[in-house]
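Each chain is listed here by its residues.
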Amino acid sequence: MTASPEQRILLIICGGIAAYKTLELIRRLRERGFFVRAVMTEAAQQFLTKLSVESLTESRVFDDLFALTEDSSMGHIELSRDADLLVVVPATADILAKMAHGLAGDLASTLLLATDKKILVAPAMNLRMWLHPAIQRNAAILQKDGVVFVGPEEGDMACGEYGPGRMSEPLAILAAIEQVLASGTRIPLPAHLSHKQEEAGVLAGRRVLVTSGPTQEAIDPVRYIANRSSGKQGHAIAAAAAAVGADVVLVSGPVALADPLGGRTIHVKTAREMLRQVEAALPVDIFIGVAAVADWRAAETAPEKIKKDPKQPLCLTLVENPDILAAMGRRSKDRPALVVGFAAESEQLIENAQAKLMVKNCDMIVANDVSRASGILGGENNKVLILTKKGKESWPWMTKQEVARRLVARLGTMLAETGR
Ligand code: CTP
């Protein structure tokens, strides 16, 4: 994937031994087509030179709050608003504390307060520092404020100790940047400050449970039954719900995607494991079943690899898997306020989707045409039809991220209407 040309990253480089990895990150970002501007703290300049950062970003490095306010071409407000995302690397104990408590004594901390864009931090520090209650308290405050964390990772540290505190590798930070950008760039405003309900984070703090991806049902130790689901739509929905402040649990089958940021992801293989994890995550306000759950599993899983027998064809007996969506829709005691299903159809889209809405007792069905010709399965775009008990609505072609954002906004409104 290459960034669209308008995507602009403001890197806030702080002083830590991991600062050297920033150069590699800048190179990777530039390769992907991002425009990168950098701000360096005084401490960062003990580890990296401005010249090396300027050479790689091909842009002036900013480091002085007061020089900046004299510079009429770019004040600090413009500098932070001009970016699509602010990325703090390495995020030291000092900058995390300043961010958590709203201090603005230098250019970096001022920009982090003045922005209306999302902030991603990649912490790096000694493990004792990272585990210190003061740092953990600050990290919790920042997470609650919507700051996205990538890492720290566990591993050998520059100081010779082993544990959590290593900064994530540049490629992992890059993947996190792309994920955050895919879920929108603006920080959702607290509900009491916004006039537009759909954007206001009506879902802030509400529990949203999403299933995504295929399930795999073993035939023998090496073979399984599965399907072509990529998990892209389900993961995008989990990310979009987390981006508006929901408390998200994603139960995902095997996919080649990174876990979405800002929620908890539980990895499963089979339909029965998925059901177990979904039930364990209850109660929730909204359940969204996006997974392409395998409808059948082998009645018996062979303990050893099944061998070919030229004399007789192999007959597999398949038994039906539990229907997770129907189980959620039909719960009596702790049924989620909203139960949303997807309907993957290759023919008679409306009729089949309508039937699923009723039979599985859902509040909404998102129907899509999964015939090979549509390119939806595994693709980047989707065209959906929204069915509720009140009626139906066809959405135009859009990216799966856009479908996710619109769906999450719609569910926020619907949830508010239920009064729960
Ligand atoms: N679903 C589920 N558990 C299953 C099968 C499906 O939770 N065992 C959910 C899916 O996550 C989706 C919805 O039910 O939200 C519809 O899935 P789909 O594959 O379109 O339909 P099925 O119910 O499996 O019916 P069919 O395959 O006959 O169309």
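Attention here is on the structure that accompanies the text. The model shown is predicted, which means the values in this text are computed figures rather than measured ones.

**A word on the site of the ligand**
Working step 1: In the region of the ligand, 16 residues are neighbours, and Gly-289, Val-293, Ile-324, Leu-325 and Gly-341 sit closest.
Working step 2: Within the residue set of the shell around the ligand, elements represented by two or more residues are helix H12 (324-329) and strand S17 (338-345).
Working step 3: Its residues assigned to classes, the shell around the ligand comprises nine nonpolar, four polar and three charged.

**Some remarks on the nonpolar core**
Working step 1: Core analysis: the largest hydrophobic core is formed by 118 residues, its most contacted members being Ile-12, Ile-13, Val-88, Ile-237 and Ala-241.
Working step 2: At eight residues, helix H10 (residues 232-243) tops the list of elements feeding residues into this core.
Working step 3: Two domains share this core, each providing at least three of its residues, namely domain 1 (8-182) and domain 2 (191-418).
Working step 4: Here Ala-241 is in contact with Leu-203, Val-208, Ala-246, Val-248 and Val-408, once residues within four sequence places are set aside.

**Examining the environment of Leu-181**
Working step 1: Secondary-structure assignment places Leu-181 in helix H9 (residues 170-182).
Working step 2: Residue Leu-181 is classed as partly exposed on the basis of its 19 C-beta neighbours within 10 Å.
Working step 3: In the structure, Leu-181 is positioned 167 residues away from Cys-14 in sequence and 22 Å away in space, judged by C-alpha atoms.
Working step 4: Not counting chain neighbours up to four residues away, the residues in contact with Leu-181 comprise Gln-7, Asp-84 and Leu-85.

**A word on the packing of helix H1 (residues 20-31) against helix H2 (residues 50-57)**
Working step 1: Between H1 and H2, the shortest axis-to-axis distance is 9 Å and the interhelical angle comes to 15°. As summarised for this structure, H1 and H2 are arranged roughly parallel, according to the angle between their axes. Crossing handedness for the pair H1 and H2: right-handed. Residue-level contacts link Leu-23, Ile-26, Arg-27 and Arg-30 of H1 to Ser-52, Leu-56 and Thr-57 of H2.
Working step 2: Of the residues contributing to the contact of H1 with H2, the split by class is three nonpolar, two polar and two charged.

**Regarding the packing of helix H5 (residues 93-101) against helix H8 (residues 133-144)**
Working step 1: Contact geometry of H5 with H8 gives a least axis separation of 9 Å together with a crossing angle of 50°. The angle between the axes of H5 and H8 places the two elements in the oblique class. For the crossing formed where H5 meets H8, the hand is left-handed. Only Ile-135, Asn-138, Ala-139, Ile-141 and Leu-142 of H8 make contact with H5, whose side of the interface consists of Ala-93, Leu-96, Ala-97, Met-99 and Ala-100.
Working step 2: Per-class residue counts for the contact of H5 with H8 are nine nonpolar, one polar and no charged.

**As for unusual backbone geometry**
Working step 1: The residue after Val-89, namely Pro-90, is reached through a cis peptide bond having omega -25°.
Working step 2: Secondary-structure assignment places Pro-90 in strand S4 (residues 85-91).
Working step 3: With an omega of 0°, the peptide bond between Leu-282 and Pro-283 qualifies as cis.
Working step 4: With a phi angle near 55°, Glu-58 is a residue other than glycine that sits in the positive phi range.
Working step 5: For Glu-58, the position within the fold is in the loop between H2 and strand S3 (61-62).
Working step 6: Even without being a glycine, Asn-361 presents a positive backbone phi close to 50°.
Working step 7: Considering the arrangement of structural elements, one finds Asn-361 in the loop between helix H13 (349-359) and strand S18 (364-369).
Working step 8: Note on Asn-361: 16 C-beta atoms within 10 Å, which makes it partly exposed.

**Topic: helix H14 (residues 400-418)**
Working step 1: Taking 1.5 Å as the rise per residue, H14 with 19 residues should run 27 Å; its terminal C-alpha atoms sit 26 Å apart, in good agreement.
Working step 2: Considered for burial, the residues of H14 that qualify are Lys-400, Gln-401, Val-403, Ala-404, Arg-405, Leu-407, Val-408, Leu-411, Gly-412 and Leu-415.
Working step 3: Positive phi appears at Gly-419, one or two residues downstream of H14, with a value of about 75°.

**Here we look at the sheet that holds strand S9 (residues 207-212)**
Working step 1: One open sheet holds the eight strands; their spatial order is S13-S12-S9-S14-S17-S18-S20-S21, and the pairing between them is mixed. Of all strands in the sheet, those with a lone pairing partner are strand S13 (264-267) and strand S21 (391-394), marking the two edges. Adjacent strand axes in the sheet meet at a mean angle of 15°, parallel and antiparallel pairs treated alike.
Working step 2: Examined bridge by bridge, strand S12 (residues 247-252) and S13 share four bridges and lie parallel to one another. When the bridges of S13 are listed, Leu-250 appears paired with Thr-265.
Working step 3: Contacts between H14 and the sheet are confined to strand S14 (286-289), S17, S18 and strand S20 (384-388), with S17 contributing the most and set at about 145° to the helix.

How each quantity is defined
- Residues numbered from 1 in each chain as written.
- Predicted model: local features only at pLDDT ≥ 70, side-chain atom pairs only at ≥ 80, totals over all residues.
- Near = placed C-beta within 6 Å.
- Helix = DSSP H or I, 4+ residues; strand = E, 2+ residues; numbered from the N terminus.
- Nonpolar A, V, L, I, M, F, W, Y, C, P; charged D, E, K, R; others polar.
- Core = buried A, V, L, I, M, F, W, Y, C linked by C-beta atoms within 7 Å.
- Buried ≥ 20, exposed ≤ 12 C-beta atoms within 10 Å, placed from the backbone.
- Domains from an automatic or database assignment.
- Contact = placed C-beta atoms within 7 Å.
- Axes fitted to C-alpha atoms, helices over the stretch in contact; angles between N-to-C directions.
- Parallel < 35°, antiparallel > 145°, perpendicular 65-115°, else oblique.
- Left-handed = near helix turned anticlockwise from the far one by under 90°.
- Expected span 1.5 Å × (residues − 1).
- Pairing = 2+ DSSP bridges.

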